[in-house]
Amino acid sequence: MGYRFDEPGRVERAFRRIAREQTEKALRSIDRAERDRADLDDAVHDVRKRCKKVRGLMRLVRPCFDGYSRGNARFRDAARMLSGVRDDATLIECDAALEARFEGDAEAAALERRRRALLSRR
């Protein structure tokens, strides 16, 4: 669903409400992942997506938002901190698919070792 500015002339209030909602949803995703590590990949995706939404929102109100540069950098950096986790998850999935494709080959054993190392690091 898109952003809703309910009260005419109250852009600042609506902006803060929407940013707060997105931030709270991101934090709930992190809390779920802390309770159940199986949700980690979904939480990382959700947090990065919500950071992008807040950054987009800030761009919409940029002309009347003095803290744009600082806020944009904070949400950009928060999402960036999670990119390594996302990249590892993608490599793990790719390695698993390649292992299945080359089952029994020497390459499959090397891929499995790498996937285990990535899982351990994660």
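Everything below is about the structure printed above this text.
Definitions and cut-offs
- Residues numbered from 1 in each chain as written.
- Predicted model: local features only at pLDDT ≥ 70, side-chain atom pairs only at ≥ 80, totals over all residues.
- Heavy atoms only, no water.
- Helix = DSSP H or I, 4+ residues; strand = E, 2+ residues; numbered from the N terminus.
- Rg over C-alpha atoms; globule rule 2.2 N^0.38 Å.
- Axes fitted to C-alpha atoms, helices over the stretch in contact; angles between N-to-C directions.
- Parallel < 35°, antiparallel > 145°, perpendicular 65-115°, else oblique.
- Left-handed = near helix turned anticlockwise from the far one by under 90°.
- Contact = heavy atoms within 4.5 Å.
- Phe/Tyr/Trp six-rings, centres within 6.5 Å; stacked < 30°, edge-to-face > 60°.
- Buried < 20%, exposed > 50% of the residue type's maximum accessible area, 1.4 Å probe, protein only.
- Patch = residues over 30% accessible without salt bridge, like charges linked within 9 Å, V, L, I, M, F, W, Y side chains within 5 Å.
- Areas by Shrake-Rupley, 256 points an atom, 1.4 Å probe, with all protein chains shown as cover.
- Salt bridge = Lys/Arg side-chain N within 4 Å of Asp/Glu carboxyl O.
- Lys, Arg positive; Asp, Glu negative; His and termini not counted.
- Charge placed at Lys NZ, Arg CZ, Asp CG, Glu CD.
- Core = buried A, V, L, I, M, F, W, Y, C linked by side-chain atoms within 4.5 Å.

Draft legend 1. Seen up close, the overall build of the protein. On a plain count of helices and strands, the protein comes out with five helices and zero strands. Order of helices (α) and strands (β) in the protein, N terminus to C terminus: α-α-α-α-α. Relative to the globule expectation of 14 Å for 122 residues, the C-alpha radius of gyration of the protein, 19 Å, shows a markedly less compact shape. Projected onto its principal axes, the C-alpha positions of the protein cover 65 × 25 × 25 Å.

Draft legend 2. Main features of the packing of helix H2 (residues 40–60) against helix H4 (residues 83–101). Relative to each other, H2 and H4 sit at 135 degrees, their axes nearing to 10 Å. With respect to their mutual orientation, H2 and H4 come out oblique. In the crossing of H2 with H4, the sense of the turn from one axis to the other is left-handed. Residues Leu 40, Asp 41, Val 44 and Arg 48 of H2 touch H4, and the partners they reach there are Ser 83, Val 85, Arg 86 and Ala 89.

Draft legend 3. Layout of the packing of aromatic side chains. The full count for this structure, using the stated rule, is one aromatic pair. Ring geometry for Phe 15 and Phe 65: centres 5.0 Å apart, planes at 50 degrees, overall tilted. Of this pair, Phe 15 sits in helix H1 (residues 11–35) while Phe 65 sits in the loop between H2 and helix H3 (68–81), and the two are 50 residues apart along the sequence. Residue Phe 15 is classed as buried on the basis of its relative accessible area of 9%.

Draft legend 4. Structural context of a positive patch on the surface. Together, Lys 25, Arg 28, Arg 32, Arg 35 and Lys 53 line one region of the surface with positive charge. For the positive patch, the element with the highest residue contribution is H1, accounting for four residues. Within the secondary structure, Arg 35 sits in helix H1. By relative accessible area, Arg 35 is classed as exposed at 65%.

Draft legend 5. Spatial organisation of the nonpolar core. Membership of the largest hydrophobic core is limited to eight residues, which are Phe 15, Ile 18, Ala 19, Val 54, Leu 57, Met 58, Val 61 and Tyr 68. Looking at this core, the elements with two or more residues in it are H1 and H2.

Draft legend 6. Molecular detail of the pattern of salt bridges. On inspection of all chains with the given rule, the structure shows five salt bridges. Asp 77 serves as the salt-bridge partner of Arg 76, at 3.1 Å between the closest nitrogen and oxygen. The network of salt bridges with common partners includes Asp 46, Lys 49 and Arg 50.

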